[in-house]
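Survey of secondary and tertiary structure
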Amino acid sequence: MKRLVAIVTSLGALLCASAALADHPIELGQTTSKPAVSCPTNCQAVGQVTGFMAQQGTTKHPFQPRRRGKVVAFSITLGQPKDSDISFFTNLFGGDPAAQIAVLKPVPKKKQQFVVSGLSESFALTPYFGSTPTFALSRPLTVKPGYIIALTVPTWAPAFAVGLANDEVWRSSRDPNKCDDVQQKAAQTARGQQASYGCLYRTARLMYTVTFIPDPRITNPVKKKT
């Protein structure tokens, strides 16, 4: 049984790695097994922040495609918070739950510094508690090699899995000197915004995936006339 689990895990990592070079639409961040979202038991939420997974198990940089392409949709797995949890998070973070996608461009020669190059519209989450809705973007977002596709939560979202293994790692846009201050308004909600992603967290996962369509490979280049 242990050998079978090891084979399945290795196969999942291989599929995730090869997906970065695939020619067909792929779901970035998707894994062979999905952890349970925290709510309603031990209900925790992510709030007022932009973040992305730096590692999911053996897969590193799951939201950093190696091909140029377009983000056309994203899915988010939501817990079912109790009424008391909803009131608490709404008061704490100042609004109803919502989420959107941000494309982050690395800042040259500045480690873990990113600027927002693309941003989707924001989607209300309350009607979809306890499910995994998929939201189609009204306008595809361009992603170039080296860019990262992050989840922006302007208010709060019950889309958080906790108590996981040490190889579940995510980064946030919070002040690197105040990584544990969850009430700071760190969400990147406008194009051109720049932030440091020096805050690193382990044993938790942001519960989102992204539908990415790579640009087609040119197999029959047009020859220039001489």
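Residues numbered from 1 in each chain as written. Predicted model: local features only at pLDDT ≥ 70, side-chain atom pairs only at ≥ 80, totals over all residues. Heavy atoms only, no water.

1. Description of the state of the cysteines
All chains considered together, the criterion is met by two disulfides. Paired by a disulfide, cysteine 39 and cysteine 43 hold their sulfur atoms 1.9 Å apart. Disulfide cysteine 39-cysteine 43: the torsion about the S-S bond is 70 degrees, which places it as right-handed. Like cysteine 39, the residue cysteine 43 is buried in the burial classification. (Disulfide = S-S within 2.5 Å. Buried < 20%, exposed > 50% of the residue type's maximum accessible area, 1.4 Å probe, protein only.)

2. A look at the nonpolar core
Core analysis: the largest hydrophobic core is formed by 56 residues, its most contacted members being Val71, Phe74, Ile76, Ile101, Leu104 and Val210. With seven residues, the single largest contributor to this core is strand E9 (residues 148–157). Excluding residues that lie within four positions of it along the chain, isoleucine 76 makes contacts with Ala99, Leu125, Ser131, Thr132, Pro133, Phe135, Leu151, Ala159, Met207 and Tyr208. (Core = buried A, V, L, I, M, F, W, Y, C linked by side-chain atoms within 4.5 Å. Helix = DSSP H or I, 4+ residues; strand = E, 2+ residues; numbered from the N terminus. Contact = heavy atoms within 4.5 Å.)

3. Some details on helix H2 (residues 83–93)
Listing the buried residues of H2 in full gives Asp85, Phe89 and Phe93. Buried residues along H2 cover an arc of 40 degrees about the axis, so they all sit on one side. Opposite the packed face of H2, turned more than 90 degrees from it, sit the exposed residues Asp83, Ser84 and Asn91. Buried positions along H2 lie against strand E2 (46–56) and E9. A positive phi of about 75 degrees marks glycine 94, the residue just after H2. (Arc of directions from axis to C-beta.)

4. Comments concerning the environment of arginine 66
In this fold, arginine 66 is placed in the loop between strand E3 (59–60) and strand E4 (69–76). Residues arginine 66 and proline 214, 148 residues apart in the sequence, show an inter-C-alpha distance of 9.2 Å.

5. Re the environment of valine 37
Structurally, the position occupied by valine 37 is in the loop between strand E1 (26–28) and E2. For the pair valine 37 and arginine 205, spaced 168 residues apart in sequence, the C-alpha separation works out to 8.9 Å.

6. Looking at the pattern of salt bridges
Summed over the entire model, instances satisfying the criterion amount to two salt bridges. Here aspartate 215 ties to arginine 68 by a salt bridge, and the two come within 3.3 Å at their closest N and O atoms. Of this pair, aspartate 215 sits in the segment after strand E15 (208–214) while arginine 68 sits in the loop between E3 and E4, and the two are 147 residues apart along the sequence. Across the salt bridge formed by arginine 205 and glutamate 168, the nearest N and O atoms sit 2.8 Å from each other. Of this pair, arginine 205 sits in strand E14 (residues 204–206) while glutamate 168 sits in strand E11 (residues 168–172), placing them 37 residues apart in sequence. What makes arginine 205 buried here is its relative accessible area of 6%. (Salt bridge = Lys/Arg side-chain N within 4 Å of Asp/Glu carboxyl O.)

7. Notes on unusual backbone geometry
For the bond from cysteine 39 to proline 40, the omega torsion is 10 degrees, close enough to zero to count as cis. Despite not being glycine, glutamine 48 has its phi angle at roughly 50 degrees, a positive value. Secondary-structure assignment places glutamine 48 in strand E2. Look at glutamine 48 and you get buried, because its relative accessible area is 8%. Non-glycine residue histidine 61 carries a positive phi angle of around 55 degrees. Relative to the assigned elements, histidine 61 resides in the loop between E3 and E4.

Note that every value here comes from positions in space, so none of it alone points to a role or purpose.
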